[in-house]
Amino acid sequence: MYIRPVVRDESFNGCVTVEEGDGENKEVDKRKNLCHLWSMHRCPYGDKCKFLHEGDGGCLPSSENGNDTKGGKRKQKCFTFKKKGKCKLGDKCPFSHDSHTHPKATDNQKKDDNEDEADSKNDKTQNDCINWKTKGKCRKKDRGCPYRHDEDVKRAALSKIELKERKRARNDAEDHIKEKSDQKKERNDKKRQPLSVRVFGLNYDTTEEDVRSYFEHCGTIVELTFPTFEDSGRSKGYCGILFQSPKAVEQAVLLDGQELHGRWLSIQEGKMYLRQWEEHHQASGEKAANTDTSENEINPNPLTGEYGQKVKRRKKHGYKE
């Protein structure tokens, strides 16, 4: 470790001769015996203080000394006086007001003075009225409104209000146009009520006259498509009916599940697309025929059941023939 040497000021001795009670003089260090409360302007002992009173400082007044207070206790400091350097109560304040002025107190006092000046400058007459500034009118203007009413401020407020009204009217017009376009789309998107009906599950012995007489009470029949086989002329089991009104279609659909010539009918709304229907049946028949021929080619000796019907072979899992 390195210790710096102590440098002392030998020019100033700092010792003072003090007379003791026996009449002997004794040298005492002046710097150690200075009264700290004296430098803070708070020494309550006055001339009876054992320490030296020199330089800038002071004692408390006689009314604030600890000997005069009740119970031998000193008064507490006034917080407002310590912070701002002044107190509204003045001499009536129960707390002590030190005679010294703290530097912070002076700064706060200056700030308070500046605030007071600013408040005195910022009068209501210099501030604009809120209603006058936002709406361009004030009910209390003639009754003595304390705030300022400037014409330029009124014009600016009225111009803002006009711009808002224009934007609102423009938005209302756009909304009205959108509503009209939506209504047109709804009209165009409305589904047309069907006028035709599909009937499935007919008996092969039923004729066109039987179908007309069965659906005659629903409404007037405009057209009836009744497909038949070319060789026998019998019904294929389905047909299509075109009515004159959609109410007749509703009445015909209510007959769904009813019986005709010993068969339960299946009635649906919509046109009967015979070409697509026949093509679908032809394709399904060709597929069935192809599957039968392929099975015969693979198995020349197909299995037959008890009554001579064809029976498929069941394949065992994991077994190869």
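Residues numbered from 1 in each chain as written. Predicted model: local features only at pLDDT ≥ 70, side-chain atom pairs only at ≥ 80, totals over all residues. Heavy atoms only, no water.

A. Local environment of the nonpolar core. Counting 19 residues, the largest nonpolar core has Val199, Leu202, Val211, Phe215 and Phe243 as its most contacted members. Listed by contribution, the elements that provide at least two residues to this core are β3 (196–200), α6 (208–214), β5 (238–243) and α7 (246–253). The contact partners of Phe243, leaving out residues within four places of it in the chain, are Leu195, Val197, Phe215, Cys218, Gly219, Thr220, Ile221, Val222, Ala248, Val249 and Ala252. Within the second largest apolar cluster, five residues are counted, among which are Cys129, Trp132, Cys145 and Val153. (Core = buried A, V, L, I, M, F, W, Y, C linked by side-chain atoms within 4.5 Å. Buried < 20%, exposed > 50% of the residue type's maximum accessible area, 1.4 Å probe, protein only. Helix = DSSP H or I, 4+ residues; strand = E, 2+ residues; numbered from the N terminus. Contact = heavy atoms within 4.5 Å.)

B. Focus on a negative patch on the surface. There is a patch of like negative charges on the surface, built from Asp172, Glu174, Asp175, Glu179, Asp182 and Glu186. As for its position among the elements, Glu186 is in helix α5 (residues 151–189). (Patch = residues over 30% accessible without salt bridge, like charges linked within 9 Å, V, L, I, M, F, W, Y side chains within 5 Å. Areas by Shrake-Rupley, 256 points an atom, 1.4 Å probe, with all protein chains shown as cover. Salt bridge = Lys/Arg side-chain N within 4 Å of Asp/Glu carboxyl O. Lys, Arg positive; Asp, Glu negative; His and termini not counted. Charge placed at Lys NZ, Arg CZ, Asp CG, Glu CD.)

C. Layout of the packing of aromatic side chains. This structure, assessed with the given rule, holds one aromatic pair. Between Tyr214 and Phe215, the ring centres sit 5.2 Å apart and the planes meet at 85°, which makes this aromatic pair edge-to-face. Judged by relative accessible area, Phe215 falls into the buried class, the value being 1%. The ring of Phe229 is capped by Lys236, whose NZ or CZ atom sits 5.9 Å from the centre of that ring. (Phe/Tyr/Trp six-rings, centres within 6.5 Å; stacked < 30°, edge-to-face > 60°. Lys NZ or Arg CZ within 6 Å of the ring centre and 35° of its normal.)

D. Expanded view of the side chain of Asn203. Note on placement: Asn203 falls in the loop between β3 and α6. Among residues more than four places away in sequence, those in contact with Asn203 are Ser235, His261 and Arg263.

E. Layout of the sheet that holds β3. The sheet built from four strands is open, its strands ordered β4-β5-β3-β8 with antiparallel pairing. The two strands at the open ends of the sheet, each matched to only one other strand, are β4 (221–225) and β8 (266–269). Each neighbouring strand pair of the sheet contributes to a mean axis angle of 20°, computed without reference to strand direction. Relative to β8, β3 is paired through four bridges, and the arrangement is antiparallel. The residue bridging Phe200 from the neighbouring strand is Ser266, located in β8. Strand contacts of α7: β3, β5 and β8, with the helix running at about 150° to β8, the strand carrying the most contacts. (Pairing = 2+ DSSP bridges. Axes fitted to C-alpha atoms, helices over the stretch in contact; angles between N-to-C directions.)

F. Expanded view of the pairing of β5. With five of six residues buried, β5 is to be regarded as a mostly interior element. When β3 meets β5, the two strands line up antiparallel, connected through five bridges. Bridge pairing links Val199 to Cys239 in β5. One ladder, built from four bridges, connects β4 with β5; its direction is antiparallel.

G. Spatial organisation of unusual backbone geometry. The phi dihedral of His41 falls on the positive side, at around 60°, and the residue is not glycine. Locating His41 in the fold gives a position in the loop between α1 (36–39) and α2 (79–84). Looking at His41, the relative accessible area reads 16%, which means it is buried.

H. Quick peek at the state of the cysteines. One pass over the structure, following the stated rule, counts zero disulfides. Free cysteine Cys59: the closest other cysteine sulfur is in Cys43, separated by 4.4 Å. (Disulfide = S-S within 2.5 Å.)

I. A look at the confidence of the model for the protein. In this model, the protein carries an average pLDDT of 76, and 66% of its residues clear a pLDDT of 70 or more. Mean pLDDT per element in the protein: strand β1 (residues 15–19) is the minimum at 52, and α6 is the maximum at 93. Every residue in residues 64–72 is under pLDDT 50, and counting partners more than four places away or in other chains gives 11 contacts. Every residue in residues 101–105 is under pLDDT 50, and counting partners more than four places away or in other chains gives seven contacts. (pLDDT = per-residue confidence, 0-100.)

J. The side chain of His149, seen in detail. Position of His149 relative to the elements: it lies in the loop between α4 (130–134) and α5. Of note is the side chain of His149, whose polar atom sits 3.2 Å from the backbone oxygen of Tyr147. Non-local contacts of His149, meaning those with residues more than four positions away in its chain, are made with Cys129, Trp132, Cys138 and Lys141. (Polar contact = N/O pair within 3.5 Å; in protein donor to acceptor, adjacent residues only side chain to side chain.)

K. Spotlight on a positive patch on the surface. Judged by side-chain charge, Lys135, Lys137, Arg139, Lys140 and Arg143 come together as a positively charged surface patch. Among the secondary structure elements, Arg143 is positioned in the loop between α4 and α5.

L. Expanded view of the pattern of salt bridges. Tallied over the entire structure, the rule returns four salt bridges. Between Asp152 and Arg155 there is a salt bridge, with its nearest N and O atoms 3.5 Å apart. Taken together, the residues Asp152 and Arg155, both in helix α5 and three residues apart, mark about one turn of the helix. Here Arg212 makes a salt bridge to Glu208, at a shortest N to O gap of 3.7 Å. Residue Arg212 and its partner Glu208 are located together in helix α6, separated by four residues, close to a single helical turn. Of the residues examined, Glu208 reaches a relative accessible area of 32% and is grouped as partly exposed.

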